[in-house]
Amino acid sequence: MSDKIIKKEELQDFLKALKKAHEVFVPAKEKDFYRFNPLTDENKGDLNFTNTRLSPKSLLFPQSERIFEYTLDEESSDAHIVKESSKDYPSTVIIGIRPCDAKAMRLVDVNFNNPEFKDPWWVKHLESMTFIGLGCNEPCSTCFCTSVGCGPFNEEGLDVLLFDLGENFLARALTPKGEELLKQGGVDKDANSGLKKKADELKIEAENKISSHVPTDKLKEKKVDDLFNAPFWDDIAFACINCGTCTFLCPTCWCFDVQDEITKKQGDRIRNWDSCMFPLFTLHASGHNPRPEKVQRVRQRFMHKLKYYVDKYNNGVACVGCGRCVKSCPVNIDIREVFSLMNDL
Amino acid sequence: MSDNPYLPHPVRIEQITIETEDKNLRTFKLVFLNKADEEKFTFIPGQFCEISIAGKGEIPIGIASSPTEKGFLLFTVNKTGVVTKYIHNMQEGDIIGVRGPLGNWYPWEAMEGKNVIVIGGGFAFTTLRSSIVYMLHPDNRNRFKDIIVVYGARSPGLLLYRQELAEWEKRDDIKFHITVDATDDPDWQYNVGFVPTITEQKITTSKDSYALVCGPPIMIKFTQPVLEKVGFKPEQIIMSLEMRMKCGIGICGRCNIGDQYVCKDGPVFTLAQLNELPKEY
Ligand SMILES: Cc1cc2nc3c(=O)[nH]c(=O)nc-3n(C[C@H](O)[C@H](O)[C@H](O)COP(=O)(O)OP(=O)(O)OC[C@H]3O[C@@H](n4cnc5c(N)ncnc54)[C@H](O)[C@@H]3O)c2cc1C
Ligand code: SF4
Ligand code: SF4
Ligand code: FES
C-alpha cells in the first residue's frame, strides 16, 4: 500500500477531479453542527471538524428508504403485486469520514450481509462507496475508541486514510479501490520517508491523547443471566426519557421498521430507522409487551452492544467509542460507566 | 428472478374457511401466481411466512399446511390488529404476497424413532396441524413411534380444523385427545377439562418421547410441571415462540431474546435452550 502526498492547496483540485466520475460527499457545517453533504460549487467541504453530529450511517442506510412499490389500481394487471423499486447506486466517494465511523460499518455489515441473508440495499450502497478517512489529530474528551478495538488512525473499513500533517495530507491507500481513486484524482506524488515518519508519530501522539478508557476484557466470559439480572439497571435507566437520541446518532445502531404508504393508488413499502428505546418496538397485537418498562429497554440497548453482539458474532463490542451518545444524551447517561459496571460485575 | 429476501411472492386467495364460531379465525388457502415460486418454496413443519398485503404491511403467520399437501399453502389467522383485520375482510380471488419460508422447524431428525407428544391450546395449533398431517402421511408415519395429541380450546366452537379433528380422533395410528374447558353441549363426546389436566391423565411416560407444546402462556405454564413430573427433560420439550416481527430474517433487530433472533434462530426452541436465555418474552 502506498503513501502519497496531497498539498492542502491542491485538495480542491483533487475533489474536483473525483467529482467528474463520482458523487462526492464532504463534511459541511450546518448551523452549529457538521454533516456529510454533496460536494457542490457552494459546498466545498470543511475538514476542520471534530465529527458529524449524526453518524454517516444514513449514507448507506437512509433514515427512510423506499424499498418496494406497487399499484392498487384494479385496472392494472399487476395490482397488489409488490415489486422492487428501480434504484441507482452511483459510485460515491465519502471524504473525511472518521476512523470510528468507518469501523462501525464493518461492525454493522455482519448484520446486513450474513451467510444466510443479504440485505440488497445495504450491500449495494456499500459496494458503491469508497471511503477516504481522516485521522483524528485532536480526539475529543468523550472519545474512547482505543479501548474498543479502534483508534484515531484506525484503518478498518477505509480505502484511504488521510493524515493531516499541517501543510500536506499524507494519503495512505489501503485498498486497490483507494489506490485507483488517488490515481484518478491526480495524486501521484510519493511521500518521502520524513513525512511517513511524521505520520506514524502523529498516530501515536493522537492515541496517547485519548483520555477516556473503558474495560471490555471480561464481557465475553460473563454469564448473560448475571448481567441481565444485575442490580445496576434501575440506576442506569433512572433518568432516561426514552427519547431515542442515542440510537439515532449511533453509527452501530441498525434497527428498522417497515411501513406501507399509499398515495392515491400508488403504494410504497418504506423502511425507517426504529429504536429499541420505544415501547412500540416490541408491542404485540395482543397487548403483551416483553419490554414494557424503560429499564428493560435501556438494558436491551446496552446488553445488545456489550454482550449479545459480543457473544453472537465474536467480533468485539458493537460500539466504536465515538462518544456521540455520551455527548447528546439529554440526561447524561454515559455508556462508559455502563462498560465498567458490566465488565466489572 | 430476484433473490431479494424481502420481496414477497404473489399469491391468490383460493379459499377462505371460517374456523371458529366467533368468526375470529379464518383459514386462507393460498396459491402461487408463479409456478417457479411454488417450485422453489420448500418448507418443513414449524416454519412460518410473512404474509404481505400491499398497502397494509406484513405479518408473521405459521404455515398450517404440510409439505405433503401440494399446490397450496394454508394459514390460519386470528383477527387482532390492523393487518389481521384487513385480511379477514378480503375475498377469494384477491392477490396478496407470501415471503418465506422463514425460521427454523420442529426437530424432525431428533424425533425420528421416538414418540411424539403434541400439546396445543387455542389457536396456536396451526404449525401443529402441519406437523400432524406431515407425520400421518404414509411416507412418514413409520418414522415415528406413537403419536399422541392433546388439543383443547375454551369451547367446542373455538376448536380449529374441527372436521379433521373428528377424523383423526377415529384413527388408530394416532391417539387424539380433544378437550374443551367447558361445554353445555349434551352431545359432546370428547374430554372436558383444561389442557394441563388432560395431559396429566393421558401422558404417563416421557420415555423415548418429545413433546411439542404450543398455546397461550397460561397453558404452557401449567403444562410444563405436568410433563416434568413424568420425567420430561428440558431437552425433550419443544416450544414455538412469538415476538413482534418485521423482517423475519434476523436483520431488523426487533425480535431478539438475548442473542437469539426469534425469526431466524427460532421460532422453535427447546425448553433447555430457553432456560439459557434472559426471561424477556
Ligand atoms: C412466528 C410467528 C407465528 C405466528 N403464527 C400465527 C398464526 O399462525 N396465526 C395467527 O393468527 N397469528 C400468528 N402470529 C401472530 C401474528 O403475527 C400477529 O397476531 C400479527 O402480526 C398481528 O398483526 P396486526 O397487524 O393485526 O396487529 P397490529 O397490532 O396492528 O400490528 C402491527 C404490526 O406489528 C407486528 N406485530 C404485532 N403483533 C405481533 C405478534 N404477536 N407477532 C409478530 N408480529 C406482531 C406486525 O408486523 C404487524 O403488522 C404469529 C407470530 C409469530 C411471531
Ligand atoms: S439519549 Fe439518553 S435519555 Fe435519550 S433514550 Fe438514550 S439514554 Fe435515554
Ligand atoms: S459511543 Fe455511543 S454512539 Fe458511539 S458507537 Fe458507542 S454506543 Fe454508539
Ligand atoms: S423480525 Fe427482524 S430481526 Fe426478527
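Heads up: the structure comes first, above all this text.
Everything numeric here is computed off the predicted structure, so don't read it as measured data.

A. Broad picture of empty space enclosed by the protein. All names here are of chain A. For the structure on display, the rule yields six cavities of 30 Å³ or more. Its boundaries defined by the atoms lining it, the largest cavity holds a volume of some 150 Å³. In terms of lining residues, the largest cavity is bounded by 18 residues, among which Cys240, Cys246, Arg301, Cys329 and Ile333 are the most central. Listed by contribution, the elements that provide at least two residues to the lining of the largest cavity are helix 8 (245-249) and helix 9 (294-313). In terms of residues, the lining of the largest cavity owes the most to one element, helix 9, which gives three residues. Split by residue class, the lining of the largest cavity holds 13 nonpolar, three polar and two charged. Of the pockets and cavities examined, the second largest cavity occupies roughly 100 Å³. Thr247, Thr252, Cys253, Trp254, Cys255, Asp274, Ser275, Cys276, Gln300, Arg301, His304 and Lys305 are the residues that line the second largest cavity.

B. Geometry of the interface of chain A and chain B. Contact residues are listed per partner, giving 49 residues for chain A and 42 residues for chain B. The contact between chain A and chain B buries some 3500 Å² in all, and 56% of this surface belongs to carbon and sulfur atoms. The largest share of the area that chain A buries against chain B comes from Phe117, Phe256 and Lys312 of chain A, three residues that together contribute 16% of it. At the junction of chain A and chain B, the tally comes to eight salt bridges. For lysine 312 of chain A, the salt bridge is made with aspartate 265 of chain B, and the minimal N-O distance between the two is 2.8 Å. Of all the secondary structure elements, the ones that give two or more residues to the side of chain A that touches chain B are strand 4 (64-71), strand 5 (83-84), helix 2 (99-112), helix 3 (120-127), helix 6 (224-228), strand 10 (256-263), strand 11 (266-273) and helix 9 of chain A. Of the residues that constitute the side of chain A that touches chain B, the class distribution is 24 nonpolar, ten polar and 15 charged.

C. Summary view of helix 5 (residues 193-209) of chain A. All names here are of chain A. Here helix 5 spans 24 Å end to end across 17 residues, near enough to the 24 Å set by a 1.5 Å rise per residue. When helix 5 is considered as a whole, its buried residues turn out to be Leu195, Ala199, Leu202 and Ala206. When helix 5 is viewed along its axis, its buried side chains cluster within an angular range of 60° and face the same direction. Opposite the buried face of helix 5, by more than 90 degrees, sit the exposed residues Ser193, Lys197 and Asn208. Contact partners of the buried residues in helix 5: strand 1 (3-7), strand 8 (160-164) and strand 9 (168-173). Put simply, asparagine 192 is the residue that caps the front of helix 5, since its side-chain oxygen is 3.1 Å from the backbone nitrogen of glycine 194.

The rules we used
- Residues numbered from 1 in each chain as written.
- Chains lettered and ligands numbered in written order.
- Predicted model: local features only at pLDDT ≥ 70, side-chain atom pairs only at ≥ 80, totals over all residues.
- Heavy atoms only, no water.
- 1 Å grid on protein atoms, 1.4 Å probe; cavity = no way out; pocket = protein on both sides within 12 Å on 5 of 7 lines; lining within 4 Å.
- Points joined across faces, edges and corners; volume = space filled by probe spheres on them.
- Helix = DSSP H or I, 4+ residues; strand = E, 2+ residues; numbered from the N terminus.
- Nonpolar A, V, L, I, M, F, W, Y, C, P; charged D, E, K, R; others polar.
- Contact = heavy atoms within 4.5 Å.
- Buried area = accessible area lost by both parts, 1.4 Å probe.
- Salt bridge = Lys/Arg side-chain N within 4 Å of Asp/Glu carboxyl O.
- Expected span 1.5 Å × (residues − 1).
- Buried < 20%, exposed > 50% of the residue type's maximum accessible area, 1.4 Å probe, protein only.
- Arc of directions from axis to C-beta.
- Polar contact = N/O pair within 3.5 Å; in protein donor to acceptor, adjacent residues only side chain to side chain.

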